[in-house]
Each structure stands twice: as structure tokens, then as C-alpha cells.
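# Examination of the molecular architecture
Below are the chains, spelled out letter by letter.
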Amino acid sequence: MKSLMFVKPGELRFDEVDEPQILEPTDALVRPIASTTCDLDHHVIADKTPFSTFGPFPLGHECVGRVVAVGEECADFRVGDAVGVAWHIACGTCAQCAIGHPARCLRHGDAQYGLPVNGMWGGTFDELVRVPYADYNLAKLPDGIDPIHLASIGDNLALGWETVMPSVEGITDPKVAVFGGTGSIGLYAVDVAVHCARAHTVYYDDDPVRMDVAARLGADVHDINGKRDKDFHVAVDASCDPDRLRAALVSVVPEGTVNSVGIYFEDVSLPMLALYQRGVNFHNGKGMARPNMTPTLRAVADRTLHPELVTSGIYDWEQIPDVLTGPNAGHKPIFVLGD
Ligand SMILES: [Zn+2]
Ligand SMILES: [Zn+2]
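Below: a short report on this structure. As the structure is a computational prediction, the values presented were derived from the model and not from experiment. Residue positions are given per chain, counted from 1 along the sequence in the order it is written. Labels are handed out in written order, letters beginning with A for the chains and numbers beginning with 1 for the ligands. With pLDDT at 70 or above as the cut-off, local features in this predicted model cover only qualifying residues; side-chain atom pairs require 80 or more to be listed or tallied, and sums for whole chains, interfaces and linings still use all residues. Calculation of side-chain values draws on the structure's entire complement of heavy atoms; hydrogens and water are dropped beforehand.

## Considerations on the coordination of the zinc ion (ligand 1)
- Note on the zinc ion (ligand 1): its protein donors are Cys-38 (SG), His-61 (NE2) and Asp-155 (OD). The metal-donor distances range over 1.9 to 2.2 Å.
- Written as a sequence motif, the donor arrangement for the zinc ion (ligand 1) is C-x22-H-x93-D. Of this pair, Cys-38 sits in the loop between β3 (28-36) and α1 (39-45) while His-61 sits in the loop between β4 (57-58) and β5 (62-70), and the two are 23 residues apart along the sequence.
- Among the residues examined, Cys-38 registers a relative accessible area of 6% and is labelled buried.
- The rule is simple: take the accessible area with a 1.4 Å probe, protein chains only, and divide by the maximum for that residue type; under 20% is buried, over 50% is exposed, in between is partly exposed. Taking the relative accessible area as the measure of exposure, His-61 reaches 2% and is therefore buried. Here a donor is any nitrogen, oxygen or sulfur atom (N, O, S) within 2.8 Å of the metal, with 3.2 Å used for Na, K and Ca; water is not among the atoms considered, so some sites may look incomplete. Every helix listed is a DSSP run of H or I at least four residues long, and every strand listed is a run of E at least two residues long, numbered separately from the N terminus.

What follows is the structure in C-alpha cells.
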């Protein structure tokens with residue numbers, strides 16, 4: 001089969017590799033219907049991460065697909081099911097998985113698709129993907145919904161739910177800020193904040209394309225460099241920009257919550273006294289995906305969410321290297337694998 005390899009910054013290619021096999025009775029094999037980039041992948045390709053020097057390795061950790069084989073202990077899925085695949089490798093039963101932290105799985109640590117960490121699991125731009133603990137790591141896609149726009153369900157799309165919904169629980173008339181910049185995550189968060197949390201949602205950015213999407217999703221959109229409100233119950237930092245992170249941290253009400261999903265590979269200085277005086281609950285860490293995939297898919301099924309508005313372009317599989325290394329990759333390009 002073909003596997004998309006990240007070779008070095010600005011260079012991707014398809015390599016011919018062996019197809020994965022069912023190795024454990026709890027495995028399933030999934031053939032992608034559509035795959036997409038995590039916002040992080042664009043930074044890998046652009047030489048903005050430590051991973052950018054580790055090539056060649058298979059890239060990609062977001063896909064929806066169809067189950068083509070199941071191990072004999074795989075009980076919840078059968079051949080032909082349309083599924084989303086969680087981005088990380090998690091057992092589903094260890095002490096961390098059991099409390100909803102599969103990205104902290106005690107058996108598999110940082111293992112994931114599409115980055116060279118803790119073993120090689122291939123990437124979701126492979127033509128076939130081995131999914132361990134399939135009953136846990138797969139989620140059935142809703143009937144009657146075009147699966148293509150759900151390609152991000154195993155990571156960024158579910159992260160929209162994760163960064164907003166638990167943090168607004170119990171708040172009447174929530175007000176949510178989203179600081180954009182990484183690409184798609186902030187936009188998925190806007191969709192959740194506006195339509196699931198029914199929050200007054202303000203989106204800050206300076207990119208006209210993303211700002212237009214945020215406006216179509218129902219946010220009040222403001223230039224990041226203008227005046228900003230400081231009375232948000234929840235702020236989502238999806239920027240990967242230290243200045244925007246600092247702005248997010250001082251934008252919340254006392255004892256408000258800031259969830260940061262932009263990855264900072266360097267130390268960032270923070271206004272600690274201001275955070276002390278304000279009282280800020282700050283979370284910075286990997287998205288958990290699987291526990292958030294189910295409620296996200298439910299909201300997609302009942303048409304509460306609009307992931308199709310976040311999709312920046314739909315392309316053929318063969319176009320992956322050219323589109324992703326080109327000048328117009330977009331914030332959420334989705335690639336469709338033909339039969
Ligand atoms: Zn990711
Ligand atoms: Zn685990």
C-alpha cells in the first residue's frame with residue numbers, strides 16, 4: 001500500500017510499504033474514506049517543531065474510514081462500519097484511560113499515529129490503518145451525514161468540544177473567547193461554543209479567511225490587535241502564539257478557565273501576578289479525543305454542529321503532497337481516498 005511520508009520540511013512523498021495486519025484479537029483494520037491534517041501537521045511541514053528534523057516518517061493522525069477487518073475479540077464493530085479513529089494509541093482500560101485520559105494511557109504513553117513517538121503506528125494518510133483496542137478507539141459515524149467533513153473527529157473536531165463544554169458546565173449565559181491562529185481547532189471550538197454551549201462567543205484573529213468562517217459560525221469576530229473584552233467565563237487559546245496566549249490568560253473573569261491547545265515548544269513567560277490576582281484555571285495539554293468524540297458526533301448527527309463550514313478544501317488523495325507543501329494548503333484540507 002501507499003503511505004504518505006514526511007521526508008523533511010516542505011517535502012512529502014508516497015512510499016510503498018507493507019499493509020498492516022491484525023496482530024491482536026482486539027485489533028481492527030480501517031481503510032480511510034477521508035483524512036485530514038491536524039493543525040500541528042502544518043507546523044511540522046513548515047519546520048516549526050522538533051519533529052520536523054525526524055523524517056522520514058508516516059504523517060497524519062486524523063481520519064474517518066471503513067472497517068475492513070476485525071479481530072475475533074472485537075465486539076462492537078463489523079466489516080463495513082463507517083468509523084472515526086482516535087488519534088492516539090490507548091488501551092481504554094488502564095487507570096488513566098478509565099478516568100477519561102486516553103492520551104495519558106499508562107500502557108502506550110505518547111504513542112500515536114503520524115508522529116515518531118513511542119513506536120511506529122503508521123499515519124492516517126496510509127491506505128490501511130491498524131487500530132488496536134478497536135472497541136475503544138473507534139467511534140461509529142452517524143447515519144445520513146457525509147463522513148468527509150468528519151475527517152477530523154479523532155482529534156481537532158473533538159477538541160472543539162473538549163475545550164468548551166466541560167468548562168461552561170453550570171454557567172448561565174456563558175461568554176466564551178476563542179483566540180485563533182493554529183488553523184482549524186479554534187473554528188471547531190467556535191462552532192461548539194455558539195451552537196452547543198449557546199455562549200456569546202467572540203473570536204480573535206488576524207486571518208481574514210478564518211475570521212470569515214468564525215463569523216459564519218455565529219461568533220462576534222474581532223481583530224486580535226484591537227480592544228479586547230476581559231469578562232469571558234472561558235477562553236480557548238488555539239493560537240500557538242505567546243502574545244495571544246498571554247492575552248487569553250488575562251481575558252477571563254476571576255476564577256475563569258483558559259484552555260490552551262496551541263503547542264509551545266519553547267518556554268513562554270507568563271504574567272504570574274496578574275494570573276494570581278485574577279485567579280485563572282489554566283489547562284495546557286493534549287486533547288483526549290475518544291471521550292469527546294461521542295458527544296461531538298451526537299451534535300453532528302442532530303445538525304447542531306457545522307464541521308462542513310470549517311473544511312477549507314476537498315482534494316483527491318493523490319494531491320496530498322502538492323497541496324500540503326503548497327502555498328494554499330488552507331486551514332483544513334480534506335483528502336478523499338477513492339475505492
Ligand atoms: Zn493532532
Ligand atoms: Zn490505557
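## Regarding the environment of Met-272
- Its place among the elements puts Met-272 in helix α9 (residues 272-278).
- Residue class for Met-272 comes out exposed when judged on its relative accessible area of 56%.

## A few points about the nonpolar core
- One finds Leu-150, Val-164, Met-165 and Tyr-203 to be the most contacted residues of the largest nonpolar core, which totals 53 residues.
- Mapped by element, the contributors of at least two residues to this core are β3, α4 (156-162), α5 (165-168), β9 (175-179), α6 (185-195), α7 (208-216), β12 (232-237) and α10 (290-301).
- Considering each element in turn, this core owes the most residues, 8 residues, to α6.
- Boundaries of every domain are those given by an automatic assignment or by a domain database. Looking at which domains feed residues into this core, each of domain 1 (2-155 + 288-336) and domain 2 (159-284) gives three or more. In these notes, a set of buried Ala, Val, Leu, Ile, Met, Phe, Trp, Tyr and Cys residues joined through side-chain atoms within 4.5 Å is what counts as a nonpolar core.

## Let's talk about the layout of surface pockets
- Within this scheme a cavity is a closed region of a 1 Å grid, computed over the protein atoms alone, that accommodates a 1.4 Å probe without allowing it to escape, whereas a pocket is open but has protein on both sides within 12 Å along at least five of seven lines; lining residues each have an atom within 4 Å of a point. Grid points are joined across faces, edges and corners, and a volume is the space filled by probe spheres set on the points. One number sums up the size of the largest pocket: a volume of about 650 Å³.
- The wall of the largest pocket is formed by 31 residues, among which Leu-40, Val-261, Ile-263, Gly-285 and Lys-286 lie closest to the centre.
- Secondary-structure elements contributing two or more residues to the lining of the largest pocket are α1, α4 and β14 (280-284).
- The biggest single contributor to the lining of the largest pocket is α1, with 3 residues.
- Both domains that furnish three or more residues to the lining of the largest pocket are identified here as domain 1 (2-155 + 288-336) and domain 2 (159-284).
- Each pocket or cavity is described by its volume, and for the second largest pocket that value is around 380 Å³.
- Around the second largest pocket, the lining comprises 18 residues; the ones closest to its centre are Gly-181, Thr-182, Gly-183, Arg-210 and Gly-330.

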